[in-house]
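# Remarks on the overall topology
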Amino acid sequence: MFYKREVINVQVSRRVLWVGTAAYPLHNIACVTTVKLKPGLWLILKRVGPWGFAVCAVFMGMLLYSTGGRVALAMLVGPPVLAGAAVLVVSVLVRLIMAATRSTLHRLNIETAGAPYAVLTSPDKNLVAQISHSIMAAIDNPQAEFQFQVENFHIGDSIKQFGNQNTGKVTR
């Protein structure tokens, strides 16, 4: 899971919640939730597991076949299989180290009449909770205004479709 960082402005002004350039009228907000995103160590192993099993199966099959007197085939197939196994091990180790060193992120979700939107993701749990409470307080208080600057993390790909206007998958 890779992400891109940016600093965004979160504010309530004149009964509208602004998160960067996205606007949410406060009277349309039904629910505000926070979600904890942990690094997916087991997810990495789950995704790489079938490839690891396949490489091990080919290697074991090649080893058993070579012991039956057909060493030439093992010598021909062996180096690519070993190279594949080395790439697989290095890939898993790099991904596990990156996931282990990554801090836990906290996402703020806004629910309106439609589907929920993940409006921001930050490593600062207290700031995300404070923004959540401030939004809910602003819904009940028409004079409420506030402003926060948040280091926002965009995680993974983005798929956007509004009506007939499909921008498709936007990879990062």
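Residues numbered from 1 in each chain as written. Predicted model: local features only at pLDDT ≥ 70, side-chain atom pairs only at ≥ 80, totals over all residues. Heavy atoms only, no water.

Inspection of the secondary structure assignment puts Ile135 in helix α3 (residues 125-140). The sequence separation of Ile135 and Val12 amounts to 123 residues, and the corresponding C-alpha distance is 7.6 Å. In this structure, Ile135 is in contact with Leu17, Leu26, Ile29, Val32, Leu108, Ile110 and Phe146, ignoring residues within four places of it in sequence. (Helix = DSSP H or I, 4+ residues; strand = E, 2+ residues; numbered from the N terminus. Contact = heavy atoms within 4.5 Å.)

With that settled, the discussion passes to α3. Because each turn of an α-helix spans 3.6 residues, side chains separated by three or four positions end up pointing in the same direction. Taking 1.5 Å per residue as the helical rise, α3 with its 16 residues ought to reach 22 Å, and the 24 Å between its terminal C-alpha atoms agrees with that figure. When α3 is considered as a whole, its buried residues turn out to be Leu127, Val128, Ile131, Ser132, Ser134, Ile135 and Ala138. The arc that holds the buried residues of α3, viewed along the axis, is 165°, so those residues lie on one side. Exposed positions of α3 whose direction lies more than 90 degrees from the buried face are Lys125, Asn126, His133 and Asp140. (Expected span 1.5 Å × (residues − 1). Buried < 20%, exposed > 50% of the residue type's maximum accessible area, 1.4 Å probe, protein only. Arc of directions from axis to C-beta.)

With antiparallel pairing, the three strands of this open sheet are ordered in space as β4-β5-β6. In this open sheet, the two strands that pair with only one neighbour each are β4 (31-37) and β6 (116-122). Neighbour to neighbour, the strand axes of the sheet diverge by 25° on average, direction disregarded. Taken together, the seven bridges between β4 and strand β5 (residues 105-111) define a ladder with antiparallel strand orientation. Bridge pairing in β5 links Leu37 to Leu105. (Pairing = 2+ DSSP bridges. Axes fitted to C-alpha atoms, helices over the stretch in contact; angles between N-to-C directions.)

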